[in-house]
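Given next are the chains, with one letter for each unit.
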Amino acid sequence: MSCMQIQFRRSSTTTPSKTVSKSASCSIYTSSGQKHKLQNDNNNDNERKFHTLNCNTPYQLCFLRHGQSTWNRDNRFIGWTDTPLTNDGVLEARVAGQMLSRSSLQFDEVHTSLLRRCIRTTNLVLMEVGQEYIPVHKHWRLNERHYGNLVGMNKKEVVKVHGEDQVKRWRRSWDEPPPPMVDDHEFHPALDPRYWAVRDKIPKCESLKCTLSRSKVYWEQKIVPSLREGKTVLIVGHENNLRSLIMNLENIHKDDIINLCLPRAIPLAYRLDPETLEPLDRPDGKLDEATGFLRGEWLGGDEAVKEILDKDRKQVYDTSIEENLEIGAEQEKWKRWTELAIGPPVPEMVAKTAVSGDFLKNGFIPGMDMDVIENVNESDNRNDYDTGASENKNETVPRKNELDDDDDDFDEPSVAGGKI
């Protein structure tokens, strides 16, 4: 993120805050803008039975890209590699949580990937909004697209070799995948135990079309039912996985999707028709100014998003710029301003970054042998830079039943003309 003043927005349609008793029904908003009560009347099949926590805003769905990871900072292709958040990424996630908190959005559940940059962003956001108690569902189908043999390479260096047009097609086009990953690649997902139960489904590379094919399965069978129950859903994801879901939601043409980019850590909130689940128009009746494609509302403001996307474009494609725009004076300026605006993180936020062991030296684990502490610090620093997914032994590996990927659980999506 760059040094812009992010606008903390409240929805113009937000109703005044009020106390709701446990037995009270919450309001939902329909396409006509009228409020309706969710009654727990089992004799009426037309009434939704779920009492959403989101009583004060008309939004039902929010997309959020994770905060800065180590390879975002280093301008490297990431894909399924499990890179951790940087300290700036922690700050970005906290800012996103503050945006959501100040917009009065409350969620009933969260869906995210198996990659810790998303998982930790989710945890930090829920801390900021005070909703650490809600269910968080993790699944490999919400992972970032697989960048094939480009994984680990510096993006700008790849542009210098292959040209801007080719790299843009690899990154943003509908159906042109990058070169496939070789079997002995040092960052191959098959080396990661979290994928042992789905090793036969690991792709060698993916286009956006391939990414939508797997993400749409999860969307149709997990997220759509929640939305139809009246739940308010947060999806914390990766740029291309979210692009695939938003393309499907907004019905963006495959020839136009190459021009849609998403910023890190700026919530994109949607009001949906309760019957069709299609996006409703923004209050101004226009598409967003940041991308020109979306009916969702950027809670950080369109101008802030435009500035971030412009910086991201220069970071990858402008070979005349030698400096890394993810670090340096402008980034430090943004960091100082943001820390002043939202305050320092509480200890558990710092501990969850796993990029520094300094908290150990400050007495958080009394009586630990200093040799052990030094070993942990060295391990954490190594994880910060040498981010092979299989090398981080401090991560919790999900049990097989947590992957929730048996054939009985998910049916392949179908569209006119056959499977996608």
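Rules behind the numbers
Residues numbered from 1 in each chain as written. Predicted model: local features only at pLDDT ≥ 70, side-chain atom pairs only at ≥ 80, totals over all residues. Heavy atoms only, no water. Helix = DSSP H or I, 4+ residues; strand = E, 2+ residues; numbered from the N terminus. Phe/Tyr/Trp six-rings, centres within 6.5 Å; stacked < 30°, edge-to-face > 60°. Buried < 20%, exposed > 50% of the residue type's maximum accessible area, 1.4 Å probe, protein only. Contact = heavy atoms within 4.5 Å. Axes fitted to C-alpha atoms, helices over the stretch in contact; angles between N-to-C directions. Parallel < 35°, antiparallel > 145°, perpendicular 65-115°, else oblique. Left-handed = near helix turned anticlockwise from the far one by under 90°. Nonpolar A, V, L, I, M, F, W, Y, C, P; charged D, E, K, R; others polar. Salt bridge = Lys/Arg side-chain N within 4 Å of Asp/Glu carboxyl O. Arc of directions from axis to C-beta. Polar contact = N/O pair within 3.5 Å; in protein donor to acceptor, adjacent residues only side chain to side chain. Core = buried A, V, L, I, M, F, W, Y, C linked by side-chain atoms within 4.5 Å. Expected span 1.5 Å × (residues − 1). Pairing = 2+ DSSP bridges. pLDDT = per-residue confidence, 0-100.

**A closer look at unusual backbone geometry**
Then, in step 1: At Asn-75, a residue that is not glycine, the phi angle is positive and equals roughly 65°.
Then, in step 2: Although it is not a glycine, Ala-265 adopts a positive phi angle of roughly 60°.
Then, in step 3: By the secondary structure assignment, Ala-265 is in the loop between helix H7 (239-250) and strand E7 (268-270).

**Topic: the packing of aromatic side chains**
Then, in step 1: Counted according to the given criterion, the structure contains 5 aromatic pairs.
Then, in step 2: Plain terms: the ring middles of Trp-80 and Trp-140 are 6.1 Å apart, the flat faces sit at 55° to each other, and that makes the pair tilted. Taken as a pair, Trp-80 in the loop between helix H1 (70-73) and helix H2 (87-102) and Trp-140 in the loop between strand E5 (136-138) and helix H4 (155-162) lie far apart in primary sequence, 60 residues in all.
Then, in step 3: Classification of Trp-80 by relative accessible area gives buried; the value is 4%.
Then, in step 4: With a relative accessible area of 4%, Trp-140 lands in the buried category.
Then, in step 5: One aromatic cluster in this structure is built from Trp-80, Trp-140 and Tyr-195.

**Section: the environment of Thr-211**
Then, in step 1: Positionally, Thr-211 belongs in helix H6 (residues 208-228).
Then, in step 2: For the pair Thr-211 and Arg-141, spaced 70 residues apart in sequence, the C-alpha to C-alpha distance is 8.3 Å.
Then, in step 3: Look past the residues within four positions of Thr-211 in its chain and what remains in contact with it is Arg-145, Glu-206, Asn-240, Asn-241 and Ser-244.

**Details of the packing of H2 against helix H3 (residues 116-129)**
Then, in step 1: Two elements in contact, H2 and H3, have axes whose closest approach is 8 Å; the angle formed by their N-to-C orientations is 40°. As far as their axial angle goes, H3 and H2 are oblique. The interaxial crossing formed by H2 with H3 has right-handed handedness. Here Val-90, Ala-93, Arg-94, Ala-96, Gly-97, Gln-98, Leu-100 and Ser-101 of H2 lie close against H3, whose contacting residues are Thr-121, Leu-124, Val-125, Glu-128 and Val-129.
Then, in step 2: Taken together, the residues of the contact of H2 with H3 sort by class into 7 nonpolar, 4 polar and 2 charged.

**Some remarks on the pattern of salt bridges**
Then, in step 1: Taken as a whole and assessed by the stated rule, the structure comprises 25 salt bridges.
Then, in step 2: Among the ionic pairs, Glu-92 bridges to Arg-264, the shortest N-O distance being 3.0 Å. Here Glu-92, found in helix H2, pairs with Arg-264, found in the loop between H7 and E7; they are 172 residues apart in sequence, far enough to count as distant. In this structure, Glu-92 and Arg-264 share a single accessibility class: buried.

**Digging into H4**
Then, in step 1: Within H4, burial applies to Lys-155, Lys-156, Val-158 and Val-159. The arc that holds every buried residue of H4, seen down its axis, measures 155°, which confines them to one face.
Then, in step 2: Lining the buried residues of H4 we find helix H5 (164-172) and helix H8 (302-317).
Then, in step 3: The N-capping residue of H4, defined by a side-chain oxygen 3.0 Å from the backbone nitrogen of Lys-156, is Asn-154.

**Looking at the nonpolar core**
Then, in step 1: Residues Leu-61, Phe-63, Trp-219, Ile-235, Tyr-270 and Leu-294 are the most contacted members of the largest nonpolar core, which totals 39 residues.
Then, in step 2: Elements with a contribution of two residues or more to this core: strand E3 (61-65), H2, H6, strand E6 (233-237), H7, E7, H8 and helix H9 (329-342).
Then, in step 3: Residues within four places of Leu-294 in sequence aside, it is in contact with Ile-246, Glu-250, Ile-252, Leu-260, Leu-268, Tyr-270, Arg-282, Lys-286, Leu-287 and Asp-288.
Then, in step 4: In terms of nonpolar packing, the next biggest core, distinct from the first, is built from 18 residues, Cys-62, Ala-96, Cys-118 and Ala-265 among them.

**Brief notes about H8**
A turn of α-helix holds 3.6 residues, and therefore any two residues three or four places apart point the same way.
Then, in step 1: Taking 1.5 Å of rise per residue, the 16 residues of H8 would be expected to cover 22 Å, and the 22 Å separating its terminal C-alpha atoms lies within 8% of that figure.
Then, in step 2: Those residues of H8 not exposed but buried are Asp-302, Ala-304, Val-305, Ile-308, Leu-309, Lys-311, Asp-312, Gln-315, Val-316 and Tyr-317.

**Remarks on the sheet that holds E3**
Then, in step 1: With respect to topology, 6 strands assemble into an open sheet ordered E5-E4-E6-E3-E7-E8, the strand pairing being mixed. Pairing within the sheet leaves two strands with one partner each, and these edge strands are E5 and strand E8 (297-298).

**A word on the confidence of the model for the protein**
One rule of thumb: low pLDDT means the predicted coordinates there are not for detailed reading.
Then, in step 1: In this model, the protein carries a mean pLDDT of 80, and residues with pLDDT of at least 70 account for 71%.
Then, in step 2: Counting contacts from residues 10-25, a segment whose pLDDT is below 50, to residues more than four positions away or on other chains yields 27 contacts.
Then, in step 3: Across residues 27-48, confidence stays below pLDDT 50; counting only partners more than four residues off in sequence or on other chains, it has 49 contacts.

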